[in-house]
Amino acid sequence: MADCRTRYPLLLIHGLNCRDDWIFPYWGRVAEILRAHGAAVFLSGQDAWGSVPGNARVLRRRGEDILAETGGGKLNLIAHSKGGLEARYLISTLGFAEKTASLTTICTPHRGSKAAAEWLGRERVCGVVGRGVEGFWRSRGDRDPDFLSAVTALTPEAMARFNKENPDSPLVYYQSWGARLDRAGWDPMDRFQLWLTKADAPTDGLVSPESAVWGHWRGTLEGVSHQDGVGGRRRKRPGFDAGTFYLRLVRELAEMGF
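Keep in mind it's a predicted model, so treat the numbers as computed, not measured.

Calculation rules
- Residues numbered from 1 in each chain as written.
- Predicted model: local features only at pLDDT ≥ 70, side-chain atom pairs only at ≥ 80, totals over all residues.
- Heavy atoms only, no water.
- Buried < 20%, exposed > 50% of the residue type's maximum accessible area, 1.4 Å probe, protein only.
- Helix = DSSP H or I, 4+ residues; strand = E, 2+ residues; numbered from the N terminus.
- Pairing = 2+ DSSP bridges.
- Contact = heavy atoms within 4.5 Å.
- Expected span 1.5 Å × (residues − 1).
- Arc of directions from axis to C-beta.

Enquirer: Hey, could you run me through the pairing of strand 5 (residues 173-180) in this one?
Expert: Here is the key point about a regular strand: its side chains alternate between the two faces of the sheet. Most of strand 5 is tucked away, with eight of its eight residues classed as buried. As paired elements, strand 4 (residues 100-106) and strand 5 share five bridges and run parallel to each other. Residue L103 lies in a different strand from strand 5, and its bridge partner there is Y174. Where strand 5 lies against strand 6 (residues 216-222), five bridges are found, and the strand directions are parallel. Following the sheet pairing, A179 is matched in strand 6 by L221.

Structure follows, in structure tokens:
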């Protein structure tokens with residue numbers, strides 16, 4: 001089947017706290033499903049806990065390699081969570097606009113997180129957690145994990161500066177979705193994340209729909225958690241299936257000539 005064959009290759013860009021070579025695939029079966037329908041799909045390969053500028057430089061090298069391999073000329077970037085900020089930095093600060101056809105962000109905190117600022121105020125807790133997180137992901141392949149830089153970048157104050165310094169390029173089509181998880185039910189991970197981000201309620205467990213708005217706003221995925229938005233947990237939410245969602249998204253990009 002070739003109904004997802006786009007003009008330009010797709011680069012799936014992950015967010016925080018996971019790597020593309022991790023035992024649990026960040027995107028679940030999304031890449032596999034898209035390839036089965038004719039799409040040229042690549043993964044991004046940046047650090048789980050790298051800074052936004054550091055990970056964006058990794059994306060630039062990755063993007064250049066993909067373009068050299070495929071001769072595609074440009075890329076369609078599909079980014080989740082913090083990966084969307086790294087993609088925007090890549091386009092606007094690292095000069096990748098002419099090589100980017102579109103940027104789709106899913107649950108990206110474009111306007112920051114009040115919860116991130118609140119937790120940074122607990123310096124002792126952040127120090128202990130940060131050292132543990134950096135050590136764990138360094139042992140799993142992160143080249144330059146930086147917990148405090150990654151979390152600080154997500155505060156509303158940091159994002160206000162980021163948005164001024166990284167304006168949209170007229171050469172790139174931008175669109176976005178958010179998600180909202182009204183109640184966690186039995187799931188302990190959903191409950192924990194909703195507790196972590198209670199300062200931003202309602203959220204998808206980590207990011208509020210209001211913060212996710214960027215470019216052409218496509219709407220809120222109701223009853224969908226942050227991880228379920230990329231199919232990483234390989235479960236179906238009522239009314240939402242990640243594979244079906246991304247098939248539709250990529251078909252639309254193809255129809256638009258991207």
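Enquirer: Is there a simple way to think about the side chain of S225 in this case?
Expert: With respect to the helices and strands, S225 occurs in the loop between strand 6 and helix 10 (242-255). Look past the residues within four positions of S225 in its chain and what remains in contact with it is L181, D190, D204, R233, R235 and R237.

Enquirer: Is there a simple way to think about the environment of E32 in this case?
Expert: If you trace the backbone, E32 turns up in helix 1 (residues 30-36). What makes E32 partly exposed here is its relative accessible area of 47%. In sequence terms E32 and G84 are 52 residues apart; their C-alpha atoms lie 21 Å from each other.

Enquirer: Any chance you could explain helix 10 here in plain terms?
Expert: In an α-helix, one turn spans 3.6 residues, which is why side chains three or four residues apart end up on the same side. Counted at 1.5 Å a residue, the expected span for helix 10 with its 14 residues is 20 Å, and the 20 Å between its end C-alpha atoms agrees. Looking at the buried positions of helix 10, the neighbouring elements they touch are strand 1 (10-13), helix 1, strand 3 (75-80), strand 4, strand 5 and strand 6. Following helix 10 by one or two positions, G257 adopts a phi angle in the positive range, close to 90°.

Enquirer: How should helix 5 (residues 123-139) be read in this particular structure?
Expert: Taking 1.5 Å of rise per residue, the 17 residues of helix 5 would be expected to cover 24 Å, and the 24 Å separating its terminal C-alpha atoms lies within 8% of that figure. All buried positions along helix 5 are accounted for by C126, G130, V133, E134 and W137. Seen from one end, helix 5 has its buried residues packed into an arc of 100°, which puts them on one side. More than 90 degrees from the buried face of helix 5, the exposed residues found are R124, V128 and R131. Those residues of helix 5 that are buried are in contact with helix 4 (114-120) and helix 6 (147-152). Positive backbone phi, at 120°, marks G141, one or two positions downstream of helix 5.

Enquirer: What am I meant to see in unusual backbone geometry here?
Expert: Glycine aside, negative phi is the norm for most residues, and most peptide bonds take the trans geometry. Put simply, A201 and P202 share a cis peptide bond, and its omega is -5°. By the secondary structure assignment, P202 is in the loop between helix 8 (188-196) and helix 9 (209-212). The phi dihedral of N17 falls on the positive side, at around 65°, and the residue is not glycine. Along the polypeptide, N17 turns up in the loop between strand 1 and helix 1. Residue C107 is not a glycine yet carries a positive backbone phi of 55°. For C107, the position within the fold is in the loop between strand 4 and helix 4. C107 gets classed as buried once you look at its relative accessible area, which sits at 0%.

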